[in-house]
Amino acid sequence: GLRVANEVKGVEKVIINDVNADALEIASESAKINNLENFEISEDETCRFLSSHSRKNSRASIVDIDPFGSPSRYIDCAIRATMHGGMLALTATDLQVLHGLFNKAAKRRYYGTPIKTEFSNEIAIRLIIGCVSFVAGRLDISFQPLFVDHDMHYYRTYLKILNTPDQEENIGYIIFCRNCKDRYSHTSRLTKCRKCNHETEIAGPLWIGKLFEKEFVSQMKNIRKELTVHKRCERILDRSEEEADMPATYYTLDEIASKMNSAPLKLSDAISKITSSGFKASTTSLNPSGFRTDCEIDEIIKIFSAK
Ligand SMILES: [Zn+2]
């Protein structure tokens, strides 16, 4: 919050709210040292704070929810406090729940359940956005994911909020076959594998729409020249832009190699093999050895096995 007030040009006002008085005291001191006049602090229960900013002319252009654990209990009031066209950012740190260790808790918090896979981080992000979609639908609000981000300890989603009901159906399931490794998103719970007829594992209901808006990511890439950006962040932006229009779910080189009983390919080789066979393929910001493609598992194995 302090850095936004201090470093982002044209920010009218930043208000940070916390129930921890000590944290606020420190923030307040730093604001004084930096002579920030556009910075306020508030010590209130989160939803009461957000509700006090939910009337039409008092909504924020950016609302950032960064709680301990799950953001799900704040989604209603956070949406109401975000202006039309504004951005809602949500952080989740309840990774055990989002990764399938406690499915009852996942259903309670996010309305859907995860499954344990190599691409669990994508399922976690889709559960969080799915939960926003259920709440937003009730409020006649729609949204568009702009960007998602993760590391070892958190997931973060950035959504553009629109005061219009959603026309598109973006809620569905991730269908996964542990036997043949087939995976895809679908609006129905398909319990039999389309490739090998094995029982499938199903995650959801969750968000099956896009996770990135390409234009938004391109704009972030354009301004990075003016900033000092860590190499890792540059790579995340490049990969996010590449994968923005690709299908849901990704594969990892390791799981395909173990399925084929061979050494994993290099990521760039894997992608060029797939694209030169006429399919789409890209890297993904969610996994350094992951790739997205519209090519299905049996075809991928055929392409990778070809000499
Ligand atoms: Zn299968």
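Everything that follows concerns the structure shown earlier in this document.
Small disclaimer: the values here were computed from a predicted structure and weren't measured.

S.K.: Got a sec to walk through the overall build of the protein chain? Specific residues and values, please.
M.R.: Along the protein chain, the regular secondary structure elements total 12 helices and 12 strands. For a compact globule of 307 residues, the expected C-alpha radius of gyration is about 19 Å, and the protein chain comes in at 21 Å, within 12% of that figure. Considered along the principal axes of its C-alpha atoms, the protein chain spans approximately 65 × 40 × 35 Å. Long-range contacts, defined as pairs at least 24 residues apart, comprise 61% of the intrachain contacts of the protein chain with a sequence gap of at least 6. For the protein chain, the accessible surface area stands at approximately 16400 Å², while carbon and sulfur atoms represent 49% of it.

S.K.: Please give an account of the layout of surface pockets that cites residues and values.
M.R.: Computed from the structure, the second largest pocket encloses a volume of approximately 300 Å³. Element by element, the count of residues in the lining of the second largest pocket is highest for strand β5 (residues 142-150), at four residues. By residue class, the composition of the lining of the second largest pocket is six nonpolar, four polar and six charged.

S.K.: Break down the sheet that holds strand β4 (residues 82-92) for me, with residues and values.
M.R.: Read across the sheet, four strands follow the order β3-β4-β6-β5 without closing on themselves; strand pairing throughout is mixed. The open sheet is flanked by β3 (60-65) and β5, the only strands paired with a single partner. The average undirected angle you get between the axes of adjacent strands in this sheet is 15°. Where β4 meets strand β6 (residues 155-162), six bridges bridge the pair, whose relative direction is antiparallel. Paired with A89 across the bridge in β6 is Y158. Along the sheet face, helix α7 (residues 120-138) touches β4, β5 and β6 and points at about 30° away from the line of β6.

S.K.: Which residues make up the state of the cysteines, and what are the values?
M.R.: Counted by the stated rule, this structure contains one disulfide. Looking at C131, it has no disulfide partner, and the nearest cysteine sulfur is the one in C77, 12 Å off. In this structure C295 is not part of a disulfide, and its nearest cysteine sulfur, from C180, lies 13 Å away. A relative accessible area of 1% means that C295 is categorised as buried.

S.K.: Any chance you could break down the coordination of the zinc ion for me, citing the residues and the numbers?
M.R.: Here the zinc ion is held by C177 (SG), C180 (SG), C193 (SG) and C196 (SG), and the distances to it run 2.3 Å. Here the zinc ion is ringed by four donor atoms whose angles at the metal span 102 to 120°, and the overall shape comes out tetrahedral. Expressed as a motif, the donor residue spacing for the zinc ion is C-x2-C-x12-C-x2-C. C177 sits in the buried class, given a relative accessible area of 1%.

S.K.: Could you give an account of the pattern of salt bridges, naming the residues involved and the relevant values?
M.R.: Evaluation of the coordinates by the stated rule reveals 24 salt bridges. Here D76 and R138 are joined by a salt bridge, their closest N and O atoms 2.4 Å apart. Placement of the pair is D76 in helix α4 (residues 75-80) and R138 in helix α7, with a sequence separation of 62 residues. Assessed through its relative accessible area of 54%, R138 is described here as exposed. Among the salt bridges present, the one from R292 reaches E122, with a minimum N-O distance of 2.9 Å.

Rules used throughout
Residues numbered from 1 in each chain as written. Predicted model: local features only at pLDDT ≥ 70, side-chain atom pairs only at ≥ 80, totals over all residues. Heavy atoms only, no water. Helix = DSSP H or I, 4+ residues; strand = E, 2+ residues; numbered from the N terminus. Rg over C-alpha atoms; globule rule 2.2 N^0.38 Å. Contact = heavy atoms within 4.5 Å. Areas by Shrake-Rupley, 256 points an atom, 1.4 Å probe, with all protein chains shown as cover. 1 Å grid on protein atoms, 1.4 Å probe; cavity = no way out; pocket = protein on both sides within 12 Å on 5 of 7 lines; lining within 4 Å. Points joined across faces, edges and corners; volume = space filled by probe spheres on them. Nonpolar A, V, L, I, M, F, W, Y, C, P; charged D, E, K, R; others polar. Pairing = 2+ DSSP bridges. Axes fitted to C-alpha atoms, helices over the stretch in contact; angles between N-to-C directions. Disulfide = S-S within 2.5 Å. Buried < 20%, exposed > 50% of the residue type's maximum accessible area, 1.4 Å probe, protein only. Donors = N, O, S within 2.8 Å, 3.2 Å for Na, K, Ca; no water. Tetrahedral: all angles 85-135°; square planar, octahedral: opposite > 155°, others 65-115°. Salt bridge = Lys/Arg side-chain N within 4 Å of Asp/Glu carboxyl O.

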